[in-house]
Amino acid sequence: MRISDRLTRIKPSATLAVNAKAQELRAQGREIISLAVGQPDFGTPAHVCDAAKAALDEGFTRYTPVPGIPALRKAVAEYYTRFYGAKTSADNAIISNGGKQALYNLLMAVVNPGDEVLIPAPYWVSYPAMVQLAEGVSVFVPTSAEEQYLVTVDTLEAARTGKTRVLILNSPSNPTGCCYTQEQLEAIAKWARDNDIFIISDEVYDRLVYAPFEPVSLAKTWEKYPDTIAIVGALSKSFCMTGWRVGYALAHEELVKAMNKIQGQSTSNINSITQKAALAALTGPWDIVDEMKQAFIRRRDRAYEIITGWGAPCPKPDGAFYLFPVLEQFYTEETPDSAAMCSRILEEVGVALVPGSAFGDDKCIRFSYAVDDDTLLDALSKVGSVLLGR
Ligand code: PLP
């Protein structure tokens, strides 16, 4: 089969590989618990579903403007004003097929062949592949559990070269759940502007942060850096809308036009019905997010206590729904890395986890707590029995 060289260089998603293996075992009749999930275990709120049903009934089933219906673009701009005080307009917003398409199109719009893109590691799985597709060069900036997996101006400066053009930040982070404070983000934004580096800030978990930590966003600095930052958001996680495929970017008008050009020549508008649902989410009540947060805080605290009780170094996350403990002390000759350890755990006790190697840190394994409390505790007890040999 003829497959382009560009594509053969791209690695398939490791998260999807874990899920495929788990499904294979399920098909053999094994009971499998997945802590490899990247989506909330709650349903999409009823008022959002109702808006979609109404859109269908009204026959809202045709092409829309490529960057999204004006009301939705305005609602995205107003979201950033309401929560982060950014003075933006609908022209700064583009609606995309999940946060993923916004990230991809942004990279295609700002990266030239050979440009270096700084990616703090551990990183979300798709960044390096997206940079590769944009013909950029990923430069990983290592971090550690002791420093909450966060980069600083100093560590970024050490990785900067004459070819550095873009930095991808992700807060709250997938896979670590760690978050930058507003001061840390602003120091990085200033450093980036002074060095002519464009920041893509992936904030798809921005509303999923846990008290006393308060939501943080580069949108708060919007007026200072209108042409050196772009923010990516999505309703996938906060409104449990992963399957609907709705995300957005907030960027300079010119950059929105460039992204619109890519979207216009590739996918056009996102699903028209989803856009009506997204409008209902953005302009309706937000208490659902707070209710979900209570469950996540409870689960995070329990999981954190159990995992650190194994003696595993692990920063306590302030957001998202993942823990990323260092587990290399349990690796053995037969299970020498995170992938082998995850396979062993899956085969021996039927718990699916994602190897840290997928996120650029083989010392760690990612645990998602987007499952109900009993399932979480059961799974952790099983994983503990493998690691501690009990
Ligand atoms: N960015 C991060 C950090 C994510 O974890 C995800 C999804 O898991 C995305 C982007 C993509 O989100 P979406 O499903 O909205 O495309």
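Residues numbered from 1 in each chain as written. Predicted model: local features only at pLDDT ≥ 70, side-chain atom pairs only at ≥ 80, totals over all residues. Heavy atoms only, no water.

Digging into the site of the ligand
The full set close to the ligand counts 15 residues, and Gly99, Asn174, Asp202, Ser236 and Lys237 are the nearest of them. Measuring from an oxygen atom of the ligand, one finds a side-chain N or O atom of Tyr205 at 2.8 Å. Ser236 is positioned such that a nitrogen or oxygen atom in its side chain is 2.5 Å from an oxygen atom of the ligand. It is helix 5 (residues 98-110) that contributes the most residues to the shell around the ligand, four residues altogether. (Near = heavy atom within 4 Å. Polar contact = N/O pair within 3.5 Å; in protein donor to acceptor, adjacent residues only side chain to side chain. Helix = DSSP H or I, 4+ residues; strand = E, 2+ residues; numbered from the N terminus.)

Looking at unusual backbone geometry
In terms of backbone geometry, most residues other than glycine have negative phi values and most peptide bonds are trans. A cis amide bond links Ala121 with the next residue in sequence, Pro122, at an omega value of 0°. Among the structural elements, Pro122 can be located in the loop between strand 3 (116-121) and helix 6 (126-133). Here Ser171 and Pro172 are connected by a cis peptide whose omega angle stands at -10°. Examined against the element boundaries, Pro172 turns out to sit in the loop between strand 5 (164-170) and helix 8 (182-194). Of note in the backbone geometry, Glu135 takes a positive phi value of approximately 65° without being a glycine.

Points about the side chain of Thr44
For Thr44, the position within the fold is in the loop between strand 1 (33-34) and helix 3 (46-57). Of the polar contacts made by the side chain of Thr44, one reaches the backbone oxygen of Cys240; its length is 2.6 Å. A polar contact of 3.1 Å, which involves the side chain of Thr44, links it to the side chain of Trp244. Apart from residues no more than four positions distant in its own chain, Thr44 is found in contact with Cys49, Phe239, Cys240, Met241 and Trp244. (Contact = heavy atoms within 4.5 Å.)

Thoughts on the sheet that holds strand 3
An order of 2-8-7-6-5-3-4 is seen for the seven strands of this open sheet, with the pairing classed as mixed. Strand pairing shows two members of the sheet lacking a second neighbour, strand 2 (93-96) and strand 4 (137-142), which therefore form its edges. Strand-to-strand twist across the sheet, computed as the mean angle between neighbouring axes with direction ignored, equals 20°. Direction of pairing for strand 3 relative to strand 4: parallel, over a ladder of six bridges. (Pairing = 2+ DSSP bridges. Axes fitted to C-alpha atoms, helices over the stretch in contact; angles between N-to-C directions.)

Observations regarding the domain arrangement of the chain
Assigned domains within the chain: domain 1 (5-43 + 288-387) and domain 2 (46-283). Between domain 1 and domain 2, the C-alpha centre-to-centre distance is 25 Å. At the junction of the two partners, domain 1 supplies 33 residues and domain 2 supplies 31 residues. A buried area of about 2,800 Å², summed over both sides, lies between domain 1 and domain 2, and 65% of it is on carbon and sulfur atoms. It is Pro315, Asp318 and Phe359 that lose the most area in domain 1 upon contact with domain 2, and together they represent 22% of the buried surface on that side. For the pair domain 1 and domain 2, the interface holds 13 residue pairs in polar contact (both at pLDDT 80 or more). Elements with a minimum of two residues in the side of domain 1 that touches domain 2: helix 11 (287-309) and strand 9 (322-323). Looking at the side of domain 1 that touches domain 2, the element that brings in the most residues is helix 11, giving seven residues. Split by residue class, the side of domain 1 that touches domain 2 holds 20 nonpolar, six polar and seven charged. (Domains from an automatic or database assignment. Buried area = accessible area lost by both parts, 1.4 Å probe. Nonpolar A, V, L, I, M, F, W, Y, C, P; charged D, E, K, R; others polar.)

Details of the packing of helix 12 (residues 338-349) against helix 13 (residues 373-388)
The geometry of helix 12 relative to helix 13 is characterised by a closest axis approach of 10 Å and an angle of 115° between their N-to-C directions. Between helix 12 and helix 13 lies a crossing of right-handed hand. On helix 13, the residues touching Met341, Arg344, Ile345, Glu348 and Val349 of helix 12 are Lys382, Val383, Ser385, Val386 and Leu387. Among the residues making up the contact of helix 12 with helix 13, the classes are represented as six nonpolar, one polar and three charged. (Left-handed = near helix turned anticlockwise from the far one by under 90°.)

So, helix 11
Helix length check: helix 11, at 23 residues, gives a terminal C-alpha distance of 33 Å against a target of 33 Å (1.5 Å per residue), a fit within 8%. In this structure, the buried side of helix 11 is in contact with strand 9, strand 12 (365-368) and helix 13. (Expected span 1.5 Å × (residues − 1).)

A look at the pairing of strand 8 (residues 247-250)
Consecutive side chains of a regular strand alternate in pointing toward one face of the sheet and then the other. Both faces of strand 8 are covered, namely the face carrying Gly247 and Ala249 and the face carrying Tyr248 and Leu250. Pairing geometry for strand 7 (residues 229-234) and strand 8, over four bridges, is antiparallel. Across the sheet, residue Ile231 finds its bridge partner in strand 8, namely Leu250. (Buried < 20%, exposed > 50% of the residue type's maximum accessible area, 1.4 Å probe, protein only.)

Some thoughts on the pairing of strand 2
Of the two faces of strand 2, the one lined by Ala93 and Ile95 and the one lined by Ile94 and Ser96 are each fully buried. Taken together, the four bridges between strand 2 and strand 8 define a ladder with antiparallel strand orientation. Among the inter-strand pairings, Ile95 is bridged to a residue of strand 8, identified as Tyr248.

With respect to a nonpolar patch on the surface
The grouping of Met1, Ile3 and Leu7 at the surface amounts to a nonpolar patch, some 390 Å² of accessible area in total. Mapped onto the secondary structure, Leu7 falls in helix 1 (residues 5-8). Given a relative accessible area of 47%, Leu7 falls into the partly exposed group. (Patch = residues over 30% accessible without salt bridge, like charges linked within 9 Å, V, L, I, M, F, W, Y side chains within 5 Å. Areas by Shrake-Rupley, 256 points an atom, 1.4 Å probe, with all protein chains shown as cover. Salt bridge = Lys/Arg side-chain N within 4 Å of Asp/Glu carboxyl O.)

Some points on the packing of helix 5 against helix 9 (residues 253-266)
It is the contact of helix 5 with helix 9, at a shortest axis distance of 9 Å, that shows an interaxial angle of 110°. Considering their axes alone, helix 5 and helix 9 lie roughly perpendicular with respect to each other. For the pair formed by helix 5 and helix 9, the contact residues are Gln101, Ala102, Asn105, Leu106, Met108, Ala109 and Val110 on the first element and Leu255, Ala258, Met259, Ile262 and Gln263 on the second. When grouped by side-chain class, the residues that make up the contact of helix 5 with helix 9 number nine nonpolar, three polar and no charged. (Parallel < 35°, antiparallel > 145°, perpendicular 65-115°, else oblique.)

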